[in-house]
Amino acid sequence: MRNRSHRSRAVLAVAAAAALLGVAGCDSTGGDSSASSGTAARPSPKPTPVWDRSPESMAAVGDSITRGFDACSVLSDCPEVSWATGSDPRVDSLAVRLLGAAGAAERSWNYAVTGARMADLPGQMARAATRRPELVTVMAGANDACRSSASAMTSVADFRAEFQDAMKTLRGALPKTQVYVSSVPDLKRLWSEGRGNPLGKQVWKLGICPSMLGDADSLNAAATLRRGQVRDRVKEYNQVLREVCAKDRRCRFDGNAVFDFRFGTDQLSHWDWFHPSRDGQARLAEIAYRTVTAREPVT
């Protein structure tokens, strides 16, 4: 009995040892381990970036700034100096920076219209979408604030609804097209920089942005209040642009870079002291290019 029991315990011990060796062997070289298969684990593929920093075609929508109005001659568009799609080498437009001069001539289109407001943007987006651009630039809103009076400015609610409609129009046709959105310029700084020029003030009297530039020399309480209301409305417009753009993963807002730009008289048209000059257009192109090609969106 004693010997049989001893032999049984010995058999059990050998079996247990064999089992342990089998488990160890499976972990290190067995068929269930990745090493035993003779192939290394493949790394997960990197996800395709949502934002392409080098689009191959673009279209521009917006107002007179994007048309280069008053940058070359009085009371006329000059799209060749447009910050977005212009060909003038002194401006070095966004299209030229992204596509090269030949590419910009073939694969960039300007659908901006002088005098346009945000309500006009859906129609411009629809026309731009027919070209199927990989990038659309937006600069609009100044004319919504530049009205006959502060009370005539586009309401913030309407501005939001119109911009949302424009984005919806584009997305209905081109779900993957990227959008660069410029902030509205600081109109009060335009008044501040231009009012020292007698010629500029005479031109302003013809009806350029009366809500901000009217009665340019007046510093009384009513004029100060009016200018403050216009500036506040522009800031509200920019907040709308930021918020609506943030909801679209293929949209980039400039982070108020255009609004915050400390331009001087060299950046203003010497025809009207309101629209950008060639130099001003070049600065806008710089801001746009920086935003479009940044590794991460501006926050």
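Residues numbered from 1 in each chain as written. Predicted model: local features only at pLDDT ≥ 70, side-chain atom pairs only at ≥ 80, totals over all residues. Heavy atoms only, no water.

Participant: Would you mind going over helix α3 (residues 94-107) with me for this structure?
Facilitator: Because an α-helix packs 3.6 residues into every turn, residues spaced three or four apart end up facing the same way. The end-to-end C-alpha distance of α3, which contains 14 residues, comes to just 12 Å, noticeably less than the 20 Å that a straight helix rising 1.5 Å per residue would cover. Taking the largest bend as the criterion, α3 deviates by roughly 115°, centred on G100. Every buried residue of α3 is listed here: L94, A95, L98, L99, G103 and A104. Residues of α3 that are buried in the fold lie against β1 (58-62), β2 (108-110), β3 (135-139) and α12 (278-293). (Helix = DSSP H or I, 4+ residues; strand = E, 2+ residues; numbered from the N terminus. Expected span 1.5 Å × (residues − 1). Bend = angle between axes of the 7 residues up to and from the residue. Buried < 20%, exposed > 50% of the residue type's maximum accessible area, 1.4 Å probe, protein only. Contact = heavy atoms within 4.5 Å.)

Participant: Sorry if this is basic, but what is going on with the packing of aromatic side chains here?
Facilitator: Here the distance between the centres and the angle between the planes together describe a pair of aromatic rings. One pass over the structure, following the stated rule, counts 3 aromatic pairs. Over the ring of F263 we find R189, and its NZ or CZ is 5.5 Å from the ring centre. (Phe/Tyr/Trp six-rings, centres within 6.5 Å; stacked < 30°, edge-to-face > 60°. Lys NZ or Arg CZ within 6 Å of the ring centre and 35° of its normal.)

Participant: Looking at this structure, I do not really get the pairing of strand β4 (residues 178-181). What am I missing?
Facilitator: Side-chain direction in a regular strand flips from residue to residue, so the side chains alternate between the two faces of the sheet. Residue alternation in β4 divides its side chains into two sets, Q178 and Y180 and V179 and V181, and both sets are buried. Direction of pairing for β4 relative to strand β5 (residues 251-253): parallel, over a ladder of 3 bridges. Residue pairing across strands places Y180 opposite R252, the latter belonging to β5. (Pairing = 2+ DSSP bridges.)

Participant: So what exactly am I meant to see when it comes to the state of the cysteines here?
Facilitator: Working definition: the covalent bond between the sulfur atoms of two cysteines is a disulfide. Scanning the model with the defined rule gives 3 disulfides in all. Bridging C72 to C78, the disulfide has an S-S length of 1.9 Å. Handedness of the C72-C78 disulfide follows from its S-S torsion of about -70°: it is left-handed. A relative accessible area of 3% means that C78 is categorised as buried. Between the sulfur atoms of C146 and its disulfide mate C209 the distance is 2.1 Å. Taking the torsion about the sulfur-sulfur bond, which here is approximately -80°, the covalent link between C146 and C209 counts as left-handed. Of the two residues, C146 is situated in the loop between α5 (142-145) and α6 (156-173) and C209 in the loop between α8 (198-204) and α9 (210-213); the sequence distance between them amounts to 63 residues. Looking at C146, the relative accessible area reads 11%, which means it is buried. Relative accessible area serves as the criterion here: at 5%, C209 is assigned to the buried category. (Disulfide = S-S within 2.5 Å.)

Participant: What's the story with the nonpolar core in this structure? I'm lost.
Facilitator: Side chains that are nonpolar tend, in soluble globular proteins, to be buried together. Membership of the largest hydrophobic core comes to 50 residues, with the highest contact counts inside it found for V138, F163, V181, L187 and F274. The element best represented in this core is helix α10 (residues 221-246), accounting for 7 residues. The residues contacting F274, other than those within four sequence positions of it, are C146, L187, L190, W204, I208, C209, L213, L268 and S269. Grouped together as the second largest cluster of nonpolar side chains are 20 residues, A84, A104, A285 and A288 included. (Core = buried A, V, L, I, M, F, W, Y, C linked by side-chain atoms within 4.5 Å.)

Participant: What is the right way to read a nonpolar patch on the surface from this model?
Facilitator: Residues V74, L75 and W271 make up a contiguous nonpolar surface patch of about 320 Å² in total accessible area. Residue placement: W271 occurs in the loop between α11 (257-260) and α12. Residue classification places W271 among the partly exposed positions, given a relative accessible area of 40%. (Patch = residues over 30% accessible without salt bridge, like charges linked within 9 Å, V, L, I, M, F, W, Y side chains within 5 Å. Areas by Shrake-Rupley, 256 points an atom, 1.4 Å probe, with all protein chains shown as cover. Salt bridge = Lys/Arg side-chain N within 4 Å of Asp/Glu carboxyl O.)

Purely geometric stuff here, so don't read any function into it on its own.
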